[in-house]
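# Topology and contacts: notes
Each chain, written out:
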Amino acid sequence: MEAKTITFNRFPLNVNDTRMMFEQIKKDPFYVAALSVAVFCHYKQNRDETFNMIDVLKGPQPLSNFDKQFLRDRLGGKEYKPFSFFEGAYPENEYVPTQPYRITVEKGMYQSSDPNYVTMYLRSNGADAPRSLILRAKGGVDWYLTEITYLGDIKVPVSQDPWA
């Protein structure tokens, strides 16, 4: 399996910031996958702005109302989830990652026969198995987020675990 560790000195703060970062990395699906997780780290500050930031990564197919509800269901009260994919973030430290922020993205062994689609995997420090997402190439060059499937439940932070 091919893998890359991506480093961020900071997370994107708004749509313009996301657009600027995306323009620099949109030809590399590993970076696009990593940036999607970094964008979700903004969710607790401003949910609607985060949706607009994700729309930058989705390109010609923005989030639908169904997608937004799906994301609200996955992240509401569980804003720690995206942080769990970064190095140093564990249930024991409330999923606070080390800086600079590092995330490893893997390209799955089994891919679509269509070269314009790629399945990438992320490892959460609160989950037992890798989580996936799907990207699609536009014009065979620029990669866009198509399916966000990595925000399923994970172990809760120790402070929220009544059994800890």
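Structural data are supplied above this passage.
Read on for a plain summary of the structure. Everything numeric here is computed off the predicted structure, so don't read it as measured data. Each chain has its residues counted from 1, running along the sequence as written. In keeping with the model being predicted, local features are shown solely for residues with a pLDDT of at least 70 and side-chain atom pairs are shown and tallied solely at 80 or more, while totals for entire chains, interfaces and linings include all residues. As a convention, hydrogens and water are excluded, and side-chain values are obtained from all of the structure's heavy atoms.

Each helix corresponds to a stretch of at least 4 residues labelled H or I by DSSP, and each strand to a stretch of at least 2 residues labelled E; elements are numbered beginning at the N terminus. When you go through the protein residue by residue, the secondary structure sums to four helices and five strands. Counted from the first residue to the last, the protein has its helices and strands arranged as β-α-α-α-α-β-β-β-β. C-alpha atoms define the radius of gyration, and 2.2 Å times the number of residues to the power 0.38 defines the globule rule. Computed over its C-alpha atoms, the radius of gyration of the protein comes to 15 Å, within 12% of the 15 Å expected for a compact globule of 164 residues. Over its C-alpha atoms, taken along the principal directions, the protein stretches across nearly 50 × 35 × 30 Å.

Here the nonpolar core consists of buried residues drawn from Ala, Val, Leu, Ile, Met, Phe, Trp, Tyr and Cys, with membership extended through side-chain atoms lying within 4.5 Å. Between buried and exposed lies partly exposed: a residue is buried under 20% and exposed over 50% of the maximum accessible area for its type, with that area taken using a 1.4 Å probe on protein chains only. Ranked by internal contacts, the top residues of the largest apolar core, which has 43 residues, are F8, L35, F86, I103, L135, I148 and Y150. By residue number, the principal contributor to this core is helix α2 (residues 29–40), which donates nine residues. By the convention used here, residues are in contact when the closest approach between their heavy atoms is within 4.5 Å. Non-local contacts of I103, meaning those with residues more than four positions away in its chain, are made with K4, T5, I6, F8, A34, V37, F85, F86 and L122. One finds Y80, A89, A127 and I154 within the second-largest nonpolar core, a separate group that totals five residues.

When the centres of two rings from Phe, Tyr and Trp lie within 6.5 Å, Trp using its six-membered ring, the rings pair. Their planes under 30 degrees apart give stacked, over 60 give edge-to-face, and anything left gives tilted. Tallying each qualifying case throughout the model produces nine aromatic pairs. For the ring pair F40 and Y150, a centre distance of 6.3 Å and an interplane angle of 75° mean the geometry is edge-to-face. With a gap of 110 residues between them, F40 in helix α2 and Y150 in the segment after β5 (142–148) connect regions that are remote in the sequence.

Turning to α2, a few remarks are in order. If you check α2, its first and last C-alpha atoms are 17 Å apart, about what 12 residues at 1.5 Å a residue would give, namely 16 Å. Within the span of α2, buried status applies to P29, F30, V32, A33, A34, L35, S36, V37, A38, V39 and F40. Multiplying 1.5 Å by the residue count of a helix minus one yields the expected span of that helix.

Interaxial angle, 0 to 180 degrees, is taken between N-to-C directions of lines fitted to C-alpha atoms, where a helix line uses only the stretch in contact. Where helix α1 (residues 15–25) meets helix α3 (residues 47–58), the axes come as close as 9 Å, and the angle between the chain directions of the two elements is 20°. Between α1 and α3, the angle is such that the two are roughly parallel. Where α1 crosses over α3, the handedness of that crossing is right-handed. Of the residues in α3, those in contact with V15, T18, R19 and F22 of α1 are E49, N52, M53, V56 and L57. Residue classes in the contact of α1 with α3 are distributed as five nonpolar, two polar and two charged. Convention used here: angles under 35 degrees read as roughly parallel, angles over 145 as roughly antiparallel, angles from 65 to 115 as roughly perpendicular, and any remaining angle as oblique. A crossing counts as left-handed when the near helix is turned anticlockwise from the far one by less than a right angle, and as right-handed when that turn is clockwise. Three classes are used: nonpolar for Ala, Val, Leu, Ile, Met, Phe, Trp, Tyr, Cys and Pro, charged for Asp, Glu, Lys and Arg, and polar for all others, with Gly counted as polar.

Here a salt bridge means any side-chain nitrogen of Lys or Arg lying within 4 Å of a carboxyl oxygen belonging to Asp or Glu. If you walk through the whole model with that rule in mind, you get nine salt bridges. Here D153 makes a salt bridge to K78, at a shortest N to O gap of 2.9 Å. Taken together, the residues span a long stretch of sequence, with D153 in the segment after β5 and K78 in the loop between α4 (65–75) and β2 (101–107) at a distance of 75 residues. Under the relative-accessibility criterion, K78 is labelled partly exposed at 26%. Connected through shared salt-bridge partners, E23, K26, K27 and D142 make up one network.

Our next topic: unusual backbone geometry. The step from Q99 to P100 runs through a cis peptide bond, and the omega angle for that step is -5°. Mapped onto the secondary structure, P100 falls in the loop between α4 and β2. In this structure, E94 is a non-glycine residue whose phi angle is positive, near 65°. Tracing the backbone through its elements, the reader meets E94 in the loop between α4 and β2. Taking the relative accessible area as the measure of exposure, E94 reaches 32% and is therefore partly exposed. Of note, the phi angle at Y95 is positive, near 60°, even though the residue is not glycine. Along the polypeptide, Y95 turns up in the loop between α4 and β2. Overall, Y95 belongs to the buried group, its relative accessible area being 1%.

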